[in-house]
Amino acid sequence: AAQQSVIGNQQSALRCYLIDTEGILYREAANVSGTLVLVLKDERNFTLGEKAIDANALSRLAAMRSELRSRTTLVIQEFLINDLPDVTAYTADGWRLLFDNSRPTEETVSALQTTLSNIDQTKKSIQYVDLRNPGRAYFALEERKEISNF
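Not measured: the values here are computed from a predicted model.

J.: Could you give an account of the overall build of the protein, with specific residues and numbers?
T.: Looking only at helices and strands, the protein has 2 helices and 9 strands in total. Starting at the N terminus and walking to the C terminus, you meet the elements of the protein as β-β-β-β-α-β-β-β-α-β-β. Residues counted as buried form 38% of the 150 residues belonging to the protein. Surface accessibility of the protein: about 8700 Å² in total, with carbon and sulfur atoms responsible for 47%.

Written as structure tokens, this is what we have:
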């Protein structure tokens, strides 16, 4: 069975579409969020029957989502694809992962694993990790807010 994918305009929930494996919009869909389907957001306004994304790019995004789920604790809620091959993935943990979708998935996931292993997430909260430049990882952290109940 093919993986279900949906794409919608980033600015508005008015138009969402199901996408086939070739990247063609084949049916209008309800606005979705969450992690059960591959959710893509874009600035463009689409029409039914239009090719919204290259089949290889779509396949790599699906592979990235799957690899991140199986090799890390990250769950991707949606991908922002305005500037392919540059992609911004929004995680269920509330931070962003920026990566180049034309690079091998394995390379990106390995770089992310290395980067995350060097961040003390008990004291700091991640805002974003940027892996778009080969051999480099940029990230922003903020102090974790301590909440005490008394």
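J.: Break down empty space enclosed by the protein for me, with residues and values.
T.: Per the counting criterion, the structure on display carries 1 cavity of 30 Å³ or more. In this structure, the largest cavity spans a volume of roughly 30 Å³. Around the largest cavity sit Val 6, Ile 7, Gly 8, Cys 16, Asn 31, Val 32, Val 39, Leu 40 and Lys 41, which together line it. Looking at side-chain class alone, the lining of the largest cavity contains 6 nonpolar, 2 polar and 1 charged residues.

J.: How would you explain helix 2 (residues 105–117) if you had to name every residue and give the values?
T.: The end-to-end C-alpha distance of helix 2, which contains 13 residues, comes to 18 Å, matching closely the 18 Å that a straight helix rising 1.5 Å per residue would cover. Those residues of helix 2 lying buried are Thr 105, Thr 108, Val 109, Leu 112, Thr 115 and Leu 116. Projected onto a plane normal to the axis of helix 2, the buried residues spread over an arc of 125° and lie on a single side. Along its buried surface, helix 2 packs onto helix 1 (55–71), strand 7 (96–100), strand 8 (124–130) and strand 9 (138–143).

J.: Now, about the packing of aromatic side chains: what can you tell me, with residues and values included?
T.: Each aromatic ring pair is characterised by the separation of its centres together with the angle its planes make. One pass over the structure, following the stated rule, counts 1 aromatic pair. For the pair Phe 79 and Phe 99, a centre-to-centre distance of 6.2 Å together with 80° between the ring planes defines the contact as edge-to-face. Taken together, the residues span a long stretch of sequence, with Phe 79 in strand 5 (residues 76–83) and Phe 99 in strand 7 at a distance of 20 residues. Overall, the relative accessible area of 0% leaves Phe 99 in the buried class.

J.: Which residues make up the pairing of strand 3 (residues 25–29), and what are the values?
T.: By the bridge criterion, 4 bridges tie strand 2 (residues 16–19) to strand 3 in an arrangement that is antiparallel. For Ile 19, the partnering residue across the bridge sits in strand 3 and is Leu 25. Counting the residues between successive antiparallel strands, the hairpin from strand 2 to strand 3 contains 5 residues, one of them, Gly 23, with a positive phi of roughly 90°.

J.: Before we move on, could you go through the pairing of strand 7 and cite the residues and values that matter?
T.: Taken across its 5 residues, strand 7 has 4 buried, putting it largely inside the fold. As judged from the 5 bridges shared by strand 6 (residues 86–91) and strand 7, these two strands associate in the antiparallel manner. For Ala 89, the partnering residue across the bridge sits in strand 7 and is Leu 97. Here strand 6 folds back onto strand 7, and the loop between the two strands holds 4 residues, one of which, Gly 94, carries a positive phi near 95°. Direction of pairing for strand 7 relative to strand 8: parallel, over a ladder of 3 bridges. Bridge assignment links Leu 98 to a residue of strand 8, and that residue is Asp 130. Each parallel crossover has a hand, and the one from strand 7 via helix 2 to strand 8 is left-handed.

J.: Tell me about the environment of Asp 120, and name the residues and values.
T.: One can find Asp 120 in the loop between helix 2 and strand 8. In this structure Asp 120 comes out as partly exposed when scored by relative accessible area, which is 36%.

So, how was this worked out
- Residues numbered from 1 in each chain as written.
- Predicted model: local features only at pLDDT ≥ 70, side-chain atom pairs only at ≥ 80, totals over all residues.
- Heavy atoms only, no water.
- Helix = DSSP H or I, 4+ residues; strand = E, 2+ residues; numbered from the N terminus.
- Buried < 20%, exposed > 50% of the residue type's maximum accessible area, 1.4 Å probe, protein only.
- Areas by Shrake-Rupley, 256 points an atom, 1.4 Å probe, with all protein chains shown as cover.
- 1 Å grid on protein atoms, 1.4 Å probe; cavity = no way out; pocket = protein on both sides within 12 Å on 5 of 7 lines; lining within 4 Å.
- Points joined across faces, edges and corners; volume = space filled by probe spheres on them.
- Nonpolar A, V, L, I, M, F, W, Y, C, P; charged D, E, K, R; others polar.
- Expected span 1.5 Å × (residues − 1).
- Arc of directions from axis to C-beta.
- Contact = heavy atoms within 4.5 Å.
- Phe/Tyr/Trp six-rings, centres within 6.5 Å; stacked < 30°, edge-to-face > 60°.
- Pairing = 2+ DSSP bridges.
- Right-handed = clockwise from strand over helix to strand, strands pointing away.

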